[in-house]
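# Tertiary structure, described
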Amino acid sequence: MVRAVAVAHPNIALVKYWGKRDTALNLPAVPSLSLTLSRFHTRTEVTWGAEADRVVFNGADADTETARKVLATLDRLDRARPPCLVETVNSFPSAAGLASSASGFAALVLAAAAAAGNDLPREQLSVLARQGSGSACRSLWGGFVEWKLGDRADGTDSHGVPVAPADHWDVRMVVGIVSGNKKPVGSTDGMDRSRRTSPYYDRWVRLGPERVAAGRDAVLRRDLEALGTVMESSTFEMHATMHTSVPPLIYWLPGTVACLHAVQALRRGGIGAWATMDAGPNVKVLCLGSDAESVAAALSPHVDRVEILSPGGDPTVEVLG
Ligand code: PMV
């Protein structure tokens, strides 16, 4: 029996992933670019060689679907594995509007590989995390990370690649929590609906590579206006694809729209702030560290809660013996 523990942070996409070219392998139709966040994290402990398989999430047995996905990830790591105990705790509420599945699967693959004594390169761990939850493949690194589209049929070249570390740039993500309720349509079903029914889906897929190239370039040059502009384009192109699905996928609430107007008003007032949303109503605003308090104040009348988050570092892993 060996135990290992890993801690990983969630990430927010600056250039979005929406759509799969292979559902079984969880291969994306578009590349994406993200920022790993500090402070919030998932801590996962894996005991390799337990009495029976068991998945504990925030102190209670995980629901059947979560447990199935977690154990499938361990099976992919080692088909002949012993029974395992997986204990996961999120330092942030799952309903915070941040992708806990990203930090969750990143921490899981790191802890499981370490407990199994399997010294896999981080790219391979990223491939494993991707199969659990697409965006998780980006949480294997801190700072700015690109998820490569890859072109191999088996998906071994579709994984995260670090673009710049957390200390590259003093930016913030100001997260406005409009609602903590669970999303009405999950991302896998939503992506499938958009692929099948949105007349804009093909255009969305064709634009992906140039959006990521522009985003990566803006990160490397520390050009906030260029990054913010491409982030908003990617966000609104993704939501246009969602809105034109049949039936439409409308993740926004009135508070979402109020935040978008507040961000435009900030820019008119000379503050560099740009918005992004995922498959949910919450608004995340990219700005410089020096503007974060003003951005939080502008969002607060429209949201339940505001969180100011800095770029986060690499995940960590430790074998406990
Ligand atoms: O990784 P998933 O299946 O939770 O999908 C994430 C999709 C978006 O959050 C909408 C965009 C992204 O790139 O994270």
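Here, every reference points to the structure presented above.
Here we summarise the structure given alongside this text. These numbers come from a predicted model, not from an experiment.

### Focus: the environment of Ser 194
In this fold, Ser 194 is placed in helix H4 (residues 187-197). Filtering out sequence-adjacent residues up to four positions away, Ser 194 remains in contact with Trp 18, Tyr 201, Thr 241, Met 242, Ser 245 and Leu 249.

### A short note on the site of the ligand
Around the ligand sit 13 residues, and of these Tyr 17, Ser 135, Arg 138, Ser 187 and Asp 278 come closest. Here an oxygen atom of the ligand sits 3.0 Å away from a polar atom, N or O, in the main chain of Tyr 17. In this structure, an oxygen atom belonging to the ligand sits 3.4 Å away from a side-chain N or O atom of Ser 133. Contact with the protein chains covers 90% of the free accessible surface of the ligand, which is 380 Å².

### Focus: helix H1 (residues 64-77)
At 3.6 residues per turn, the α-helix brings residues three or four places apart onto the same side. Along its 14 residues, H1 runs 20 Å from first to last C-alpha, staying within 8% of the 20 Å computed at 1.5 Å per residue. Within H1, burial applies to Ala 67, Val 70, Leu 71, Thr 73, Leu 74 and Leu 77. For H1, the buried positions fall inside an angular range of 145° around the axis, keeping them on one side. On its buried side, H1 packs onto strand E6 (42-48), strand E7 (54-57), strand E9 (84-90), helix H2 (100-115) and helix H3 (122-132). The backbone nitrogen of Glu 65 lies 3.2 Å from a side-chain oxygen of the residue at the head of H1, namely Asp 63.

### Considerations on the pattern of salt bridges
A full pass over the atoms with the stated rule returns 19 salt bridges. One salt bridge in this structure joins Glu 45 and Arg 3, with 2.7 Å as the shortest N-O distance. One end of the pair, Glu 45, is in strand E6; the other, Arg 3, is in strand E1 (residues 2-8), with 42 residues separating them in the sequence. Residue classification places Glu 45 among the buried residues on the basis of a relative accessible area of 12%. Note on Arg 3: relative accessible area 30%, which makes it partly exposed. For Asp 223, the salt bridge identified is with Arg 221, shortest N-O distance 3.0 Å. A relative accessible area of 25% places Asp 223 in the partly exposed class.

### Here we look at the packing of H1 against H2
As a packed pair, H1 and H2 sit with axes 10 Å apart at the nearest point and diverge in direction by 40°. Viewed along their axes, H1 and H2 adopt a mutual orientation that is oblique. Considering how the two elements wind past one another, H1 and H2 form a crossing that is right-handed. The residues of H2 that touch H1, namely those facing Lys 69, Val 70, Thr 73, Leu 74 and Leu 77, are Phe 105, Leu 108, Val 109, Ala 112 and Ala 113.

About the criteria used
Residues numbered from 1 in each chain as written. Predicted model: local features only at pLDDT ≥ 70, side-chain atom pairs only at ≥ 80, totals over all residues. Heavy atoms only, no water. Helix = DSSP H or I, 4+ residues; strand = E, 2+ residues; numbered from the N terminus. Contact = heavy atoms within 4.5 Å. Near = heavy atom within 4 Å. Polar contact = N/O pair within 3.5 Å; in protein donor to acceptor, adjacent residues only side chain to side chain. Areas by Shrake-Rupley, 256 points an atom, 1.4 Å probe, with all protein chains shown as cover. Expected span 1.5 Å × (residues − 1). Buried < 20%, exposed > 50% of the residue type's maximum accessible area, 1.4 Å probe, protein only. Arc of directions from axis to C-beta. Salt bridge = Lys/Arg side-chain N within 4 Å of Asp/Glu carboxyl O. Axes fitted to C-alpha atoms, helices over the stretch in contact; angles between N-to-C directions. Parallel < 35°, antiparallel > 145°, perpendicular 65-115°, else oblique. Left-handed = near helix turned anticlockwise from the far one by under 90°.

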